[in-house]
Amino acid sequence: MTTTLTSPSPEVVDFLTAGIARFTRQDPAAIRADSALVDLGLQSIDAVLLSGEVEDHFGIELDPATIFEHDTLASFASDITARLKTR
């Protein structure tokens, strides 16, 4: 787990929520920022694809393994938000 002090951007949370919902075939409304990533049913290939979408959409580089360093969607979104602030 990675701890960060950056508040997650709502845009990043929304983007990740939509992607996770699409990959796991869940209703986006059922995915909350405090949802545990391991409980959402993301597979390794989903993480790779989602990371690619994050890179393309936000213009940052992201190792697909990064998602597995975080316990919650909010934590992962905070990491991405912090990267956006430093680019």
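See the structure shown above.
These figures come from a predicted structure and were not determined experimentally. (Residues numbered from 1 in each chain as written. Predicted model: local features only at pLDDT ≥ 70, side-chain atom pairs only at ≥ 80, totals over all residues. Heavy atoms only, no water.)

A. Quick look at the side chain of D46. Locating D46 in the fold gives a position in helix α2 (residues 44-58). Here D46 occupies a buried position and makes no salt bridge, while the nearest side chain of opposite charge, R25, is found at 8.5 Å. Apart from the residues lying within four places of it in its own chain, the contact partners of D46 are F23 and G41. (Helix = DSSP H or I, 4+ residues; strand = E, 2+ residues; numbered from the N terminus. Buried < 20%, exposed > 50% of the residue type's maximum accessible area, 1.4 Å probe, protein only. Lys, Arg positive; Asp, Glu negative; His and termini not counted. Salt bridge = Lys/Arg side-chain N within 4 Å of Asp/Glu carboxyl O. Contact = heavy atoms within 4.5 Å.)

B. A look at the environment of T81. Along the chain, T81 falls in helix α3 (residues 73-86). Overall, T81 belongs to the buried group, its relative accessible area being 5%. For the pair T81 and L42, spaced 39 residues apart in the sequence, the C-alpha separation amounts to 21 Å. With residues up to four places along the chain from it excluded, the contact list for T81 reads T6, S7, P8, S9 and V12. Polar side-chain contacts of T81 include one of 2.9 Å to the backbone nitrogen of S9. From its side chain, T81 meets the backbone oxygen of A77 in a polar contact 2.8 Å long. (Polar contact = N/O pair within 3.5 Å; in protein donor to acceptor, adjacent residues only side chain to side chain.)

C. Here's a closer look at unusual backbone geometry. Even without being glycine, R25 reaches a positive phi, approximately 55 degrees. For R25, the position within the fold is in the loop between α1 (10-24) and α2.

D. Up close: the packing of aromatic side chains. For the structure shown, the criterion picks out 1 aromatic pair. Between F15 and F58, the ring centres sit 5.2 Å apart and the planes meet at 75 degrees, which makes this aromatic pair edge-to-face. With a gap of 43 residues between them, F15 in helix α1 and F58 in helix α2 connect regions that are remote in the sequence. With relative accessibility at 7%, the residue F58 sits in the buried group. (Phe/Tyr/Trp six-rings, centres within 6.5 Å; stacked < 30°, edge-to-face > 60°.)

E. Spatial organisation of α3. Over its 14 residues, α3 runs 20 Å from end to end, which matches the ideal 20 Å to within 8%, given 1.5 Å per residue. Residues L73, S75, F76, A77, S78, D79, I80, T81 and L84 constitute the buried set of α3. Buried residues belonging to α3 abut α1 and α2. (Expected span 1.5 Å × (residues − 1).)

Any functional reading would require information beyond the geometric quantities listed.
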